[in-house]
Amino acid sequence: MSEFFKSIPNIKFEGTDSKNPFAFKHYNPQEIVMGKTMADHMRFGVAYWHTFKGGGADPFGPGTMIRPWDDSSDEMEVAEMTMRAAFEFFTKLGVGFWCFHDRDIAPEADNLAETNKRLDKIVDLAEKLQKDTGVKLLWGTTNAFAHRRFMSGASTNPSPEVFAYAASQVKKAMEVTHRLGGQGYTFWGGREGYETLLNTDLKRELEHLAAFLHMAVDYKKKIGFTGQFYIEPKPKEPTKHQYDFDAAGVYGFLIKNGLEKDFKLNIEANHATLAGHTFHHELEFCTANGILGSVDANRGDYLLGWDTDQFPTDINDTTLAMYTILRSGGFTTGGLNFDAKVRRQSTDIDDLFFAHIGAMDAFARGLKNAAKMIQDGALADMVKQRYSGWDMGIGAEIENGKMGFDELEAYSIKNGEPNIKSGRQELFENVLNEYV
Ligand code: XLS
Ligand code: NI
Ligand code: NI
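So, here is what we can say about the structure in this document. Note that the structure is a prediction, hence the values are computed from the model and not measured.

What follows deals with the coordination of the nickel ion (ligand 3). Taken together, Glu 268 (OE), His 271 (NE2) and Asp 307 (OD) make up the protein donors of the nickel ion (ligand 3), found 2.1 to 2.3 Å from the metal. Between the nickel ion (ligand 3) and the nickel ion (ligand 2), the interatomic distance is 3.9 Å, and Glu 268 donates to each metal, bridging them. Across this residue pair, the class does not change: Glu 268 and His 271 are buried.

Structural data, given as structure tokens:
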């Protein structure tokens, strides 16, 4: 039954000749690419917070978008209408997954017990709608950053009372994620960071963060939740310095604290660029270390220094991302969650569709390009060639641990100046452009 998107048809694949803005030109869910359907490769998800709770507010003005599911003074009625609108949207768009924060789906009450009751009530509805539509939960998470109690962080707050409150909230959010069959649970470190080191005991805060995550791992086992835990790195915003800075920083933190077996990473494109990396770099770092879990698919604006969370449209980016994701073996529990919001001037509900359709098509093109790159082996052969010295002679002996500094010095004295080989960067770039 269509309630909120009556004028909008189910979005279908019509191919590249289509001029219909409500159709996919490239994303053909059942099309097989490298042995798997496109839908199974991508595991697209919609982010509840941006698409259904975002109204277009920015630091200079309030929201611009008037949504039919927001049309009541009763907060719980709004929550129910929003959930219905969301599942109608997922179904019309044809995505398999959704993601949410606890506070996106149900409003806080005056106390935690009542808040939890409200959450349960909305989760009843979500459970029913999941069943009716077949749409699944990619991951759930907690909003422990918006309320004023979390102004100085959640698990890294100087106050143990706030730490306890955040723990209670994560406990409940994990329970409802479990109940909804969530395939994962994400920890994004909201305000876990600092504004000034003058008032901050950095060492202690990091220890508290580790303790908090250990408690979450214990509780996961206790309730039998088998979904994957993710940490989502971000270097700054809202705090000046966020502790989960980037993939390398998070990985070091996990290893130091004995948590590396329990967490994978959820890589967000715009967070990568805020950290001074490319999206591709963060994905490649995770793949190299076996910790790629899921992706928040969006993009920033290179001229702006904040998390603009735009919908991904750059085919170069999606191609390189899919090139790494495919070579990592693809998603298991994770997927491509559109942690992205339509621009403040895109005020119509149609725009929500255009944004997602464009992003899904951009990733479909990326997938097809990347599959072709892998099947042709062009780049991989060139990389293999570049490292071929390690497959024999002294290279193989170093890799096999048969050499030390004494032997390497003797080798260098005997063989003299190393041969210089071109890195051929421009040629590599040309080869990539053949596919994009
Ligand atoms: C914010 C984050 C957030 C997480 C979920 O920048 O991207 O949306 O994905 O808490
Ligand atoms: Ni995100
Ligand atoms: Ni973000």
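All told, the structure shown has 16 salt bridges when counted by the stated rule. Here Arg 179 makes a salt bridge to Asp 124, at a shortest N to O gap of 2.4 Å. Taken as a pair, Arg 179 in helix α6 (residues 160-179) and Asp 124 in helix α5 (residues 112-133) lie far apart in primary sequence, 55 residues in all. The class of Arg 179 is partly exposed, set by a relative accessible area of 32%. Glu 237 is the partner of Lys 234 in a salt bridge, and the nearest nitrogen-oxygen pair spans 2.9 Å.

Okay, the coordination of the nickel ion (ligand 2) next. Every protein donor of the nickel ion (ligand 2) is listed here as Glu 232 (OE), Glu 268 (OE), Asp 296 (OD) and Asp 339 (OD), and their distances to the metal cover 1.9 to 2.1 Å. Note that the nickel ion (ligand 2) binds six donor atoms; their angles at the metal cover 80 to 175°, and the shape is octahedral. The sequence motif formed by the donor residues of the nickel ion (ligand 2) is E-x35-E-x27-D-x42-D. Given a relative accessible area of 6%, Asp 339 falls into the buried group.

Spatially, the eight strands close up into a barrel ordered β5-β6-β7-β8-β10-β12-β13-β14, and their pairing is parallel. Direction aside, the axes of adjacent strands within the sheet are offset by 30° on average. Direction of pairing for strand β12 (residues 263-268) relative to strand β13 (residues 292-296): parallel, over a ladder of four bridges. Looking at β13, one finds that Ile 267 is bridged to Val 295.

This part is about the environment of Ala 106. Looking at where Ala 106 falls in the secondary structure, it is placed in the loop between α4 (102-105) and α5. In this structure Ala 106 comes out as buried when scored by relative accessible area, which is 3%. On a C-alpha basis, the gap between Ala 106 and Asn 116 in space is 8.9 Å, while along the polypeptide they are 10 residues apart. Ignoring any residue separated from it by four or fewer positions in sequence, one finds Ala 106 in contact with Arg 118, Leu 119 and Ile 122.

Our focus in this paragraph is the nonpolar core. By size, the foremost hydrophobic cluster in this structure holds 111 residues, and its most contacted members are Met 83, Phe 90, Leu 93, Trp 98, Phe 187, Leu 336 and Phe 363. Element by element, the count of residues in this core is highest for helix α12 (residues 349-376), at 13 residues. Setting aside its immediate chain neighbours within four residues, Leu 93 contacts Ile 11, Phe 24, Val 46, Phe 353, His 356, Ile 357 and Met 360. Counting residues in each nonpolar core, the second largest holds seven residues, with Ala 47, Phe 97, Cys 99 and Leu 138 among its members.

Next up on the list: helix α8 (residues 247-256). For α8, the complete set of buried residues consists of Ala 247, Val 250, Tyr 251, Phe 253 and Leu 254. Here the buried residues of α8 occupy an arc of 160° about the axis, which is enough to place them on one side. Next to the buried residues of α8 lie α7 (202-223), β10 (228-232), β12 and α10 (279-288).

This paragraph deals with the pairing of strand β5 (residues 44-47). Here is the key point about a regular strand: its side chains alternate between the two faces of the sheet. Here β5 shows two buried faces, one formed by Phe 44 and Val 46 and the other by Gly 45 and Ala 47. Summarising the sheet, β5 and strand β14 (residues 336-338) pair through three bridges and their orientation is parallel. Its bridge partner lying in β14, Phe 44 is registered against Leu 336. As defined by bridge partners, β5 adjoins strand β6 (residues 97-101) across three bridges and the pair is classed as parallel. Paired with Gly 45 across the two strands is Phe 97, which belongs to β6.

Rules used throughout
Residues numbered from 1 in each chain as written. Chains lettered and ligands numbered in written order. Predicted model: local features only at pLDDT ≥ 70, side-chain atom pairs only at ≥ 80, totals over all residues. Heavy atoms only, no water. Donors = N, O, S within 2.8 Å, 3.2 Å for Na, K, Ca; no water. Buried < 20%, exposed > 50% of the residue type's maximum accessible area, 1.4 Å probe, protein only. Salt bridge = Lys/Arg side-chain N within 4 Å of Asp/Glu carboxyl O. Helix = DSSP H or I, 4+ residues; strand = E, 2+ residues; numbered from the N terminus. Tetrahedral: all angles 85-135°; square planar, octahedral: opposite > 155°, others 65-115°. Pairing = 2+ DSSP bridges. Axes fitted to C-alpha atoms, helices over the stretch in contact; angles between N-to-C directions. Contact = heavy atoms within 4.5 Å. Core = buried A, V, L, I, M, F, W, Y, C linked by side-chain atoms within 4.5 Å. Arc of directions from axis to C-beta.

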